[in-house]
Amino acid sequence: MTDGSFANPAVELINVSKSYLRGSETINVLKDINLVISDGEFLAIMGPSGSGKSTLLNLIAGLDRPDSGRIIVSGIEITGLSENDLARWRAHNVGFIFQFYNLIPVLTAFENVELPLLLTGLSRSQRKEHVLRCLEIVNLLHRLNHLPKELSGGEQQRVAIARAIVTDPSIIVADEPTGDLDKVSAEEVLELLARLNEEYRKTIIMVTHDPRAAKVAKAIRHLDKGVLNAHTETPF
Amino acid sequence: MLILKLLFRNIFRQRLRTFLTVLATTVAILAFGFLRTIIDAWYSGVEASSPARLITRNAISLTTPLPISYKDRIRKVKGVKEVSYGQWFGGIYISEKNFFPNFAVEAETFLQLYPEYIIKPEEKIAFLRDRKGCVAGRKVAEEFGWEVGDTIILKGTVFPGEWEFTVRAIYRGAGPKVDETQVFFHWDYINEGLKKTYPTRADHVGFFVVGINDPRRAAEISLEIDSLFKNSLAETLTETEKAFQLGFVAMTEAILITIKIVSIVLIIIILLIVANTMAMNVRDRLSEYATMKALGFNWPYISGLVLGESIMISLTGSLCGIVLTFPASKIFVDAMGTLLPVFYITAETLLLDLLIALCVGVLAGLLPALNAIGVPVQRALQRIG
């Protein structure tokens, strides 16, 4: 469910608007968005290219700032945070899954997963424990010393998922997580996301073009020309 | 630790690019250190000069002599400890290419005033006793294979004729800044010869070396000496030994300025090369920095990665350049013979090399670091693929 009738909203957007300048022309990407995502939700945001899906996701994840409106995530209004505070907040509260994995090519799978933990106060042995646990969840313990170029696309995305969950964030944002994968790998990744939502109670917000991907989510919202469709779909 | 690992692995990602940048930095630092050492060599006479010594010469020019009789009058000036005198001889040994400075001096007082020329006591006595004797610097003796007891013949340029000397002593410098390529012999020997061949030139000297008790009174004593000979036929100009040596350096100032400009240009070239490499590296990795920013790494981490890489590349090149400066200098010194009497790489030059490498590393990485810090996360992520 994605409407404001729930007591524990994980994410709350109130009258959020965002525009960009393209030359002298102002493009209104998001117009007066109101959205509540409850804790433990798995929401898919769909829409055509240029509809503002990724912008919406960036705003929720604290990667971008709205022109107007308020964004409250886990009770914290992130629109009021400074750049440094926002970075610190992201490090502890948001896990990112990108379409092109965005792994650091010179770091092994283990090291890529360990990277976000450098911003925590964990000891080396504690970090190791966390990383191994996450690699186990994504079933990649046997590939931990491999560099990204030695892994398949699906494996790389699973490493990215392990990296997204290693700090135990409350929210995971996924931008077209299956966009660069073959069908089998895409299904594996989607199953993994569903498992994270079901077993580990992670709130997942996923932007996708792919209706098959959206089916894994508990709810679907459509975004068109910067306007969020009022109707919430359930895929099943 | 992982961040350091990432920094080091980043350095070796574009191996050819890094290798060529390090090579360019090595060559530039080698050339810079080398040019600095040449400048130092130029100033070696200045560096070796003593504040307790004044030089009195003819006010018209250094080539115009002064009467020997001035010695006693200078000696009487209050604060003067000792007076010696000498004359540039300009003798040629076998061929003009065998250049080394040679002077006719009043030996006993001269050696008293220049304690930095270390001579064995028995050799010193032998030199002082032999009017035809000479004392040669270690380097010049090694260059021509002279040993104590050898006879050498200098062909006079200022004082025509062939002049025979016996090497009675070989001196060593008390420190690395002391010129060991000079030859000294007795002024009396030359003067006697002149009395027979050019009597009008006899009993004149090129300069007086004045030892003073208190270096702080150098200016005062100089004025007093010059006032003694005011309005005479041979007015004097007295200055500290350092000022006297700087006068020589000033004659070749244009060359020195050129060398200094080339040194600065070299630094600018290194800066541009490293900056270009770093700009390319950062441009290649913008999406990675954006990812790190998304994960919560803020500007100290991102700038540290870029600046660290830039500094490491610059320092590696610099260290290679410093190491290579030593054999390069050795080859140069061997080729130059006694033309550059004092040529050694100073600790200041090495420190300057490192400091420049550090500054180049920081400056070259500054703009790329700002680029990496400032890249909007969402835009960089869209670049991927």
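Criteria and cut-off values
Residues numbered from 1 in each chain as written. Chains lettered and ligands numbered in written order. Predicted model: local features only at pLDDT ≥ 70, side-chain atom pairs only at ≥ 80, totals over all residues. Heavy atoms only, no water. Helix = DSSP H or I, 4+ residues; strand = E, 2+ residues; numbered from the N terminus. Rg over C-alpha atoms; globule rule 2.2 N^0.38 Å. Buried < 20%, exposed > 50% of the residue type's maximum accessible area, 1.4 Å probe, protein only. Contact = heavy atoms within 4.5 Å. Lys, Arg positive; Asp, Glu negative; His and termini not counted. Charge placed at Lys NZ, Arg CZ, Asp CG, Glu CD. Areas by Shrake-Rupley, 256 points an atom, 1.4 Å probe, with all protein chains shown as cover. 1 Å grid on protein atoms, 1.4 Å probe; cavity = no way out; pocket = protein on both sides within 12 Å on 5 of 7 lines; lining within 4 Å. Points joined across faces, edges and corners; volume = space filled by probe spheres on them. Pairing = 2+ DSSP bridges. Buried area = accessible area lost by both parts, 1.4 Å probe. Salt bridge = Lys/Arg side-chain N within 4 Å of Asp/Glu carboxyl O. pLDDT = per-residue confidence, 0-100. Nonpolar A, V, L, I, M, F, W, Y, C, P; charged D, E, K, R; others polar. Domains from an automatic or database assignment. Polar contact = N/O pair within 3.5 Å; in protein donor to acceptor, adjacent residues only side chain to side chain. Phe/Tyr/Trp six-rings, centres within 6.5 Å; stacked < 30°, edge-to-face > 60°. Lys NZ or Arg CZ within 6 Å of the ring centre and 35° of its normal.

(A) A look at the overall build of chain A. Along chain A, the regular secondary structure elements total seven helices and 10 strands. What you see for chain A is a C-alpha radius of gyration of 17 Å, in line with the 18 Å of a compact globule of 236 residues. For chain A, the spread of C-alpha atoms along the principal axes amounts to about 45 × 45 × 40 Å. Counting over 236 residues, chain A shows a buried share of 55%. The long-range share in chain A, meaning contacts at least 24 apart out of those at least 6 apart in sequence, stands at 68%. Placing the 25 positive and 30 negative side-chain charges of chain A at their respective mean positions leaves the two points 2 Å apart.

(B) Structural context of the overall build of chain B. Regarding its fold elements, chain B presents 15 helices and 13 strands. With the C-alpha coordinates of chain B rotated into their principal frame, the extents come out at 95 × 45 × 35 Å. When each of the 385 residues of chain B is scored for burial, the buried share is 50%. Residue pairs at least 24 apart in sequence account for 80% of intrachain contacts in chain B once pairs closer than 6 positions are excluded. Summed over its atoms, the accessible surface of chain B is roughly 18500 Å², and 63% of this surface lies on carbon and sulfur atoms.

(C) Empty space enclosed by the protein, seen in detail. Scanning the model with the defined rule gives two cavities of 30 Å³ or more in all. Of the voids in this model, the largest cavity is the one considered here, and its volume is about 50 Å³. Surrounding the largest cavity, Arg90, Ala91, Val94, Gly95, Pro116, Arg163, Ala164 and Thr167 of chain A together with Leu295 of chain B form its lining. Among the elements of the structure, α2 (83-93), β6 (94-97) and α5 (153-165) of chain A are those that each provide at least two residues to the lining of the largest cavity. Counted as a void, the second largest cavity has a volume near 30 Å³.

(D) Seen up close, the sheet that holds strand β5 (residues 76-77) of chain A. All names here are of chain A. Within the open sheet, the four strands sit side by side as β2-β1-β4-β5. Their pairing is antiparallel. A single partner strand is all that each edge strand has here, and the edge strands are β2 (25-38) and β5. By the bridge criterion, two bridges tie strand β4 (residues 68-73) to β5 in an arrangement that is antiparallel. Counterpart to Val73 in the pairing with β5 is Ile76.

(E) Spatial organisation of the interface of chain B and chain A. Opposite the 23 residues of chain B that make contact, chain A presents 23 residues. Looking only at chain B, the three residues that lose the most surface to chain A are Leu2, Leu295 and Gln378 of chain B, adding up to 29% of its buried area. At the junction of chain B with chain A, the criterion picks out two salt bridges. Its salt-bridge partner being Arg9 of chain B, residue Glu111 of chain A comes within 2.6 Å of it at the nearest N-O pair.

(F) Focus on the confidence of the model for chain B. The share of residues in chain B with pLDDT of 70 or more is 98%, and the mean pLDDT across the chain is 91. For this predicted complex, the interface score ipTM comes out at 0.89, while the overall pTM is 0.77.

(G) A look at the layout of surface pockets. All names here are of chain B. Size it by volume and the largest pocket reaches roughly 1300 Å³. Residue lining of the largest pocket: 47 residues in total, with Trp88, Pro101, Phe103, Gln245 and Phe248 positioned closest to the centre. At the level of elements, α2 (15-42), α3 (44-48), β1 (53-58), β3 (80-88), β5 (102-105) and α10 (241-251) are the ones that each hand at least two residues to the lining of the largest pocket. With six residues, α10 is the single largest residue contributor to the lining of the largest pocket. A per-class count over the lining of the largest pocket returns 30 nonpolar, 11 polar and six charged. Here the lining of the largest pocket gathers at least three residues from each of two domains, domain 1 (2-44 + 253-384) and domain 2 (60-234).

(H) A look at the pattern of salt bridges. Residues and elements named next belong to chain A. Tallied over the full model, the rule gives 29 salt bridges over all chains. The closest approach of N and O atoms between Arg195 and Glu199, which form a salt bridge, is 3.2 Å. Taken together, the positions of Arg195 and Glu199, both in helix α6 (residues 183-200) and four residues apart, correspond to about one turn of that helix.

(I) Representation of the environment of Glu41 of chain A. Residue and element names in this part refer to chain A. Along the chain, the position of Glu41 falls in the loop between β2 and β3 (42-46). Judged by its relative accessible area of 3%, Glu41 falls in the buried class. Taking the C-alpha atoms as reference points, Glu41 and Ile161, separated by 120 residues in sequence, lie 17 Å from one another.

(J) Representation of the side chain of Glu111 of chain A in the model. As for its position among the elements, Glu111 of chain A is in helix α3 (residues 109-114). Accessibility expressed as a relative area gives 7% for Glu111 of chain A, which makes it buried. Here the side chain of Glu111 of chain A touches Thr108 of chain A through a polar contact of 2.9 Å, landing on its backbone nitrogen. Excluding its chain neighbours within four sequence positions, the residues that come into contact with Glu111 of chain A are Val106 of chain A together with Leu2, Lys5 and Arg9 of chain B.

(K) Focus on the packing of aromatic side chains. Residues and elements named next belong to chain B. Summed over all chains, the structure comprises 31 aromatic pairs over all chains. Here the aromatic rings of Phe89 and Phe159 are separated by 5.8 Å at their centres, their planes lie at 15°, and the arrangement is stacked. Taken as a pair, Phe89 in the loop between β3 and β4 (92-93) and Phe159 in the loop between β8 (151-156) and β9 (161-173) lie far apart in primary sequence, 70 residues in all. Under the relative-accessibility criterion, Phe89 is labelled buried at 0%. The ring of Tyr198 is capped by Arg201, whose NZ or CZ atom sits 5.8 Å from the centre of that ring.

(L) Inspection of the domain arrangement of chain B at higher detail. Residue and element names in this part refer to chain B. Once the domains are mapped, chain B shows domain 1 (2-44 + 253-384) and domain 2 (60-234). Domain 1 and domain 2 are separated by 48 Å when their C-alpha centres are compared. If you look at the interface, domain 1 gives seven residues, while domain 2 gives 10 residues. Interface of domain 1 and domain 2: buried area, both sides summed, is about 750 Å²; carbon and sulfur atoms make up 59% of it. At the boundary of domain 1 and domain 2, one finds zero salt bridges. Summed over the shared surface of domain 1 and domain 2, the result is zero residue pairs in polar contact (both at pLDDT 80 or more).

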